[in-house]
Amino acid sequence: MEHLLPTIDLLAQGKIASDSAGLKVYKESHTTSDDVHLLMVKDQAEKYILATGNGQLYDDLEGTDIGGKGKACPLTYENRLVLNRYFDYTAPRAFGTEIATIGLGDRLGLASPGHIETVKGKEIKPVLAQQSIRELTLTNRSMTDMLDAAAFAVFQEGYKGGYGADGDHIKEESDIKYALSLGVSMITLDCSDQIDKTIEEASDEVIAEEFNNVPEEVKQRYFDKYLNKTFEVNGLSLSFDEASLMRNILLYDEAITYTTHIYNEYISKEDRAIDFEISIDETETVTAPISHFFVANELIERGVTVVSLAPRFCGEFQKGIDYIGDVEQFEVELREHALIAEHFGYKLSIHSGSDKFMVFPIIARYTKGIFHVKTAGTNWLEAIRVIANVNPGLYRRMHTFALENFEEALKYYHVTPDLDSVASLDNVSDDQLAEYMNDDAARQLFHVTYGLILTAKDDKDEFVFRDEFFKTLDEHEDDYRAALVSHIGRHIELLGL
Ligand code: ZN
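Presented here is a report on the structure given in the accompanying data block.

Procedures and definitions
Residues numbered from 1 in each chain as written. Predicted model: local features only at pLDDT ≥ 70, side-chain atom pairs only at ≥ 80, totals over all residues. Heavy atoms only, no water. Salt bridge = Lys/Arg side-chain N within 4 Å of Asp/Glu carboxyl O. Helix = DSSP H or I, 4+ residues; strand = E, 2+ residues; numbered from the N terminus. Buried < 20%, exposed > 50% of the residue type's maximum accessible area, 1.4 Å probe, protein only. Pairing = 2+ DSSP bridges. Axes fitted to C-alpha atoms, helices over the stretch in contact; angles between N-to-C directions. Contact = heavy atoms within 4.5 Å. Donors = N, O, S within 2.8 Å, 3.2 Å for Na, K, Ca; no water. Parallel < 35°, antiparallel > 145°, perpendicular 65-115°, else oblique. Left-handed = near helix turned anticlockwise from the far one by under 90°. Nonpolar A, V, L, I, M, F, W, Y, C, P; charged D, E, K, R; others polar. 1 Å grid on protein atoms, 1.4 Å probe; cavity = no way out; pocket = protein on both sides within 12 Å on 5 of 7 lines; lining within 4 Å. Points joined across faces, edges and corners; volume = space filled by probe spheres on them. Core = buried A, V, L, I, M, F, W, Y, C linked by side-chain atoms within 4.5 Å. Patch = residues over 30% accessible without salt bridge, like charges linked within 9 Å, V, L, I, M, F, W, Y side chains within 5 Å. Areas by Shrake-Rupley, 256 points an atom, 1.4 Å probe, with all protein chains shown as cover. Lys, Arg positive; Asp, Glu negative; His and termini not counted. Charge placed at Lys NZ, Arg CZ, Asp CG, Glu CD.

### Things to note about the pattern of salt bridges
Applying the stated rule across the entire model yields 29 salt bridges. Ionic pairing is found between Lys471 and Glu475, a salt bridge with its closest N-O pair at 2.9 Å. With a gap of 4 residues between them, Lys471 and Glu475 both fall in helix α18 (residues 466–475), about one helical turn apart. Accessibility assignment for this pair places Lys471 and Glu475 in one class, exposed. Linked through salt bridges whose partners overlap, the residues forming this network are Lys42, Lys47, Asp474 and Glu477.

Next comes the structure, spelled out in C-alpha cells:
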C-alpha cells in the first residue's frame, strides 16, 4: 500500500489527490479535526479512510502504517465507532414529528451514497439504516453491518444533514434491547404477535362469546370510556357501539399493553431521543380509522410518546410495485388516518411504501407533508437494473435461479405475480434485459428471492452469485447511485418534497 504515500503527503498539506488508475478519491469525505486529516479512498476495490496528522483521533483509528506518514484505516466496526465519537453527523439521530422521513432499507450496504444524494436539500430526512430481522437473516448480515455501512456512507459523502437508523419490525424484547444498545435512533415495534388473527375474521357472535373471557375490570374500564360515546377528532366524529368496541378490545388490548410495556421498559429509559414507531399493519385485516383511534388514544393516555404509527391501509401494498386497489376508497380512509395522526401529534407511517406512485400525491396532501414512508426492496431492484445493464450474463443466471426458487421465497413474503406473464429470457436481447425491472411480475420475482440469490452456494461451498454481484456493483457504483437518484427521486417528487 506504499503507493498511497503521495496521496497521504498531499492530505497532510490539506490537499486532495485526484482519481488515478486503481484509486478513487471521495472528495466530499475530506475532513479535519484538530490536527488530523481524513479522506476516504477506494484502492483496488477496497475502501479505506486515509489518516494523517497528530492527535487522539489519529491514535484511536486502527490502520496500516504508510511510510511513517499516515495510515490506511479499513472500514471496520471499531473504526466506525471512532468516527461516531468524533463526528456527530456520522451517528444516527432521531427526527421526531416535525419533518417527513423516509426509510431507505439497503440490503446490500451499498445504496446509501445514492440515497444521500437523493434527499440532500429536500424537506425530508433519510433513515439510511433500516433492516428487519428477517432481511438481516436472509442476507447473512448483522445489525452492526447495517449500521457500519450507513455511517461510512455518510462519512464518504460528507453528509451532515443527519440520518436515522431503524431497528425495523422488531417483535421481541431482547431484539429491542440489542438494537438500542447498538445506537439505533428508531424502533419499529411490530405488534403482530399480540393481534389475534382469529378475531379479525370472527363473526359478531364469536366476538361476544370470546369477550366473556375478558377480565371484568378490563371490560369495565373500556366500556366506561368508550361505549356509546362519540369522540370529536380533528373534524371526525368517531363512536363505538358495543359490537365494534368488543372487537377492538379483543383485537388490540394485548398489543396496547405490550407497546406500553416496551415504551416504559426500554424507549423512555434511553437518555437520548428515540423515534418510536408502532406497527399494527402486519395483519390480515385493514385497520379501520376507528381502530386506529382506539389504539392511539389508549397509548397516548398511558403516556406512550408515539412518533409514528403504521396502520394497515385498504387495498394492497405489495412489495416493489404500485398500489393495488380502489384509489378513491384509499383517499377517503387515508384522510381519516391522517386526521387522527395529526390530532395526536405523530406521523402516519406507510409500510411497503416503495413504488406506490398512484397514491403518493394523496399521502402528501392529507399528511401535509409530515409522514414516514418505508422502502427497502426497491433499492435492491435498482441494483438488479444495473446488473442487467452492465453484466447481462450474471443477470440471466440470476433470473433463471430466481424462477427456479420462487416457491421457496414465498415462505417469507406475500406477493402474487403472474410469472407466466414474464417474457422468456430466450426472447430478450442483452440490451433489453433492464426492461424486466419495469415489469411488475419480474420485479416481484426478484424482490422476494434476494436472500436466496445472495446466499446461494455451489457444491464446492462457493457463492454462486454473491462475489460477482458485489464486484459488478462496485465497478459500477456511479451507475447504482444514478439509478437510485432517479428512482427514489421520483418517490420524493410525487410525495411533494
Ligand atoms: Zn409493516
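Picking up after the structure, the text goes on.
### Focus: the sheet that holds strand β4 (residues 64–66)
The 5 strands lie next to each other as β1-β2-β3-β5-β4, forming an open sheet whose pairing is antiparallel. The strands lining the two open edges of the sheet, one partner per strand, are β1 (23–33) and β4. Across the sheet, the axes of successive neighbouring strands diverge by a mean angle of 25°, strand direction being ignored. Contacts between helix α1 (residues 5–12) and the sheet are confined to β1, β2 (36–43), β3 (46–53), β4 and β5 (70–74), with β3 contributing the most and set at about 45° to the helix.

### Digging into the coordination of the zinc ion
Taken together, the protein donors to the zinc ion comprise His169 (NE2), Asp281 (OD), Asp281 (OD), Glu282 (OE) and His351 (ND1), at separations of 2.0 to 2.7 Å. On the primary sequence, the residues serving as donors to the zinc ion are separated as H-x111-D-E-x68-H. With His169 in strand β8 (residues 164–170) and Glu282 in the loop between β12 (275–279) and α12 (289–301), the pair connects residues that are 113 residues apart, well separated along the chain. Taking relative accessible area as the criterion, His169 reaches 17% and is therefore assigned buried. According to the relative accessible area criterion, Glu282 is partly exposed, its value standing at 33%.

### Details of the packing of helix α13 (residues 327–344) against helix α14 (residues 360–367)
Where α13 meets α14, the axes come as close as 9 Å, and the angle between the chain directions of the two elements is 25°. By the criterion of interaxial angle, the relationship of α13 to α14 is roughly parallel. Judged by the twist between their axes, the crossing of α13 over α14 is right-handed. From α13, Val327, Phe330, Glu331, Leu334, Arg335 and Ala338 reach across to α14, where they touch Ile362, Ile363, Arg365, Tyr366 and Thr367.

### Quick look at the packing of helix α15 (residues 377–390) against helix α16 (residues 392–409)
Following both chains from N to C, one finds α15 and α16 inclined at 125°, their axes separated by 5 Å at the closest point. Relative to α16, the element α15 is oriented oblique. For the pair formed by α15 and α16, the contact residues are Ile384, Ile387, Ala388 and Val390 on the first element and Pro392, Leu394, Tyr395 and Met398 on the second. Its residues assigned to classes, the contact of α15 with α16 comprises 8 nonpolar, no polar and no charged.

### Focus on empty space enclosed by the protein
According to the stated counting rule, one finds 1 cavity of 30 Å³ or more in the structure shown. Considering only enclosed or pocket space, the largest cavity measures out at about 40 Å³ in volume. Residue lining of the largest cavity: Asp106, Gly109, Ser112, Leu128, Ala129, Gln130, Gln131, Arg141, Met146, Ala149 and Ala150, and that is the complete set. Sorting the residues of the lining of the largest cavity by element identifies β7 (124–132) and α6 (143–157) as the ones contributing at least two each. Counting residues per element, the lining of the largest cavity draws most heavily on β7, at 4 residues. Each residue belonging to the lining of the largest cavity can be placed in one class, and the counts come to 5 nonpolar, 4 polar and 2 charged.

### Side note on the nonpolar core
Membership of the largest hydrophobic core comes to 150 residues, with the highest contact counts inside it found for Leu38, Ile187, Phe330, Trp380, Tyr395 and Phe469. When neighbours within four sequence positions are excluded, Phe469 is seen to be in contact with Leu108, Trp380, Ala383, Ile384, Ile387, Leu394, Met398 and Leu454. In this structure, Leu23, Leu39, Val41 and Ile66 belong to the second largest nonpolar core, which totals 11 residues.

### Thoughts on the sheet that holds β12
Taken in spatial order, the 8 strands line up as β6-β7-β8-β9-β12-β13-β14-β15 and close into a barrel, and their pairing is parallel. The mean inter-strand angle of the sheet, taken between neighbouring strand axes irrespective of direction, is 25°. Direction of pairing for β8 relative to strand β9 (residues 186–190): parallel, over a ladder of 3 bridges. Across the sheet, the residue bridging to Gly167 is Ile187, located in β9.

### Notes on a negative patch on the surface
On the surface, Asp196, Glu209, Glu210 and Glu254 cluster together to form a negatively charged patch. Summarising the element assignment, Glu209 is placed in helix α9 (residues 204–211).

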